[in-house]
Amino acid sequence: MKKRLIAHRGDMVTYPENTLLAIQSALNLGMSYIEIDVQLSRDAVPMVVHDASLLRTAGVDKNIYDLTSKQLDACLVNYSNTDDHEIEMLRIPTLQSVVDIMNNYSETTLFVEIKKQSIEYFGLQVVVDAVLKVLANVKFKVVIISFVADVISFLKSRGDISSGWAVSKFDQQHKQLAQQIQPDFLFCNIEKINDIACLWNGSWQWALYDVRDPAYACELLTKGVHFIETGDIVKLANAKECQ
């Protein structure tokens, strides 16, 4: 099962989410799949951070698109147990810095979630083009994902780019839209699905997230789920059920 786990924001239990420390830790654990979030800075540089607001992650009461990438480089993600040599890996990373690490792991896949807030602020094409520019010549596999369905349609118009749609609701309306846009992957919070037997059939692969129990993860993988995305990657990766 370990080869079907996605490290949600890296190893976010051991280290702060979406930091280079968390990403490197997930790679050191042998993870083949890693998911990160991307927002744009004021100067339209793709930065790896989940929230538009920096208050939760970095203790800074500003939005990410209020600061340039240079200003963001001075922001450290909240973490109390750091050593001096870890400081550089606790800065809010650029997408390029993640690529530089991931290029050493050619057998891995990086799921890059483009966040809705940046799309609303900058416009869809600006955000997607900025992300694709950074990812143009990577040495590993990439899947662009988003809760914004128009991102999937836009990617398909740009050529052969793997995509994943994160569905906010598990209902008939979203099923019909999935059939229309035909993503390569469908992501959904496990808590939104009442009956795993009712997963929508299609050419896509299912990835369910916020799964932390190893036994339940194994059960899901026998019932049509292709991948499990988890924030507790250490627990699942080391569980006897996953060996």
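The structure under discussion appears in the preceding block.
This is a predicted model, so every value here is computed, not measured.

Colleague: Whenever I open this one, the overall build of the protein confuses me. Can you help?
Modeller: Helix and strand counts for the protein come out as 10 helices and 9 strands. Here the C-alpha radius of gyration of the protein, 17 Å, is about what a compact globule of 243 residues would show, namely 18 Å. In terms of overall dimensions, the protein has a C-alpha envelope of 50 × 40 × 35 Å along the principal axes. Across the protein, contacts joining residues at least 24 apart in sequence account for 55% of those joining residues at least 6 apart. Of the accessible surface of the protein, which amounts to about 11100 Å², a share of 46% is contributed by carbon and sulfur atoms.

Colleague: Help me understand the nonpolar core in this model?
Modeller: Within soluble globular proteins, side chains that are nonpolar generally end up buried alongside one another. By size, the foremost hydrophobic cluster in this structure holds 76 residues, and its most contacted members are Ile 34, Ile 36, Ile 92, Val 112, Ile 144, Trp 206 and Ile 228. Sequence-distant contacts of Ile 34, that is, excluding residues within four places in its chain, are made with Ile 6, Ala 7, Gly 10, Ile 23, Ala 26, Leu 27, Met 102, Thr 109, Leu 110 and Phe 111. Counting 11 residues, the second largest nonpolar core, distinct from the first, contains Ile 6, Ile 145, Phe 187 and Phe 227.

Colleague: In this structure, what is going on with the pairing of strand S6 (residues 163-166)? I would like to understand it.
Modeller: Regular strands show a simple pattern: their side chains alternate between the two faces of the sheet. The alternating pattern of S6 places Ser 163 and Trp 165 and Gly 164 and Ala 166 on opposite faces, both of which are buried. Of the strand pairs in this sheet, strand S5 (residues 141-146) and S6 are connected by 3 bridges, and their pairing is parallel. In the strand pairing of S6, Ser 146 is matched with Trp 165. With helix H7 (residues 149-157) bridging S5 and its parallel neighbour S6, the resulting β-α-β unit is right-handed. By the bridge criterion, 3 bridges tie S6 to strand S7 (residues 185-189) in an arrangement that is parallel. Within the sheet, the bridge partner assigned to Trp 165 lies in S7 and is Leu 186. For the crossover that starts at S6, traverses helix H8 (residues 172-181) and ends in the parallel S7, the hand is right-handed.

Colleague: Where do I start with the side chain of Thr 109 in this structure?
Modeller: By the secondary structure assignment, Thr 109 is in strand S4 (residues 109-114). Not counting residues up to four positions away in its chain, the partners in contact with Thr 109 are Ser 32, Tyr 33, Ile 34, Met 102, Lys 141 and Val 143.

Colleague: Looking at this structure, how should I read the packing of helix H6 (residues 124-134) against H7?
Modeller: Helices that pack against each other are described as a pair by the angle of their axes relative to one another and the distance between those axes. Following both chains from N to C, one finds H6 and H7 inclined at 60°, their axes separated by 11 Å at the closest point. Between H6 and H7, the angle is such that the two are oblique. As for the relative orientation of H6 and H7, their crossing is right-handed in sense. Contact with H6, carried on its side by Leu 124, Gln 125, Val 128, Asp 129 and Leu 132, involves Asp 150, Val 151, Phe 154 and Leu 155 of H7 and no other residues of that element. Broken down by class, the residue content of the contact of H6 with H7 amounts to 6 nonpolar, 1 polar and 2 charged.

The rules we used
- Residues numbered from 1 in each chain as written.
- Predicted model: local features only at pLDDT ≥ 70, side-chain atom pairs only at ≥ 80, totals over all residues.
- Heavy atoms only, no water.
- Helix = DSSP H or I, 4+ residues; strand = E, 2+ residues; numbered from the N terminus.
- Rg over C-alpha atoms; globule rule 2.2 N^0.38 Å.
- Contact = heavy atoms within 4.5 Å.
- Areas by Shrake-Rupley, 256 points an atom, 1.4 Å probe, with all protein chains shown as cover.
- Core = buried A, V, L, I, M, F, W, Y, C linked by side-chain atoms within 4.5 Å.
- Buried < 20%, exposed > 50% of the residue type's maximum accessible area, 1.4 Å probe, protein only.
- Pairing = 2+ DSSP bridges.
- Right-handed = clockwise from strand over helix to strand, strands pointing away.
- Axes fitted to C-alpha atoms, helices over the stretch in contact; angles between N-to-C directions.
- Parallel < 35°, antiparallel > 145°, perpendicular 65-115°, else oblique.
- Left-handed = near helix turned anticlockwise from the far one by under 90°.
- Nonpolar A, V, L, I, M, F, W, Y, C, P; charged D, E, K, R; others polar.

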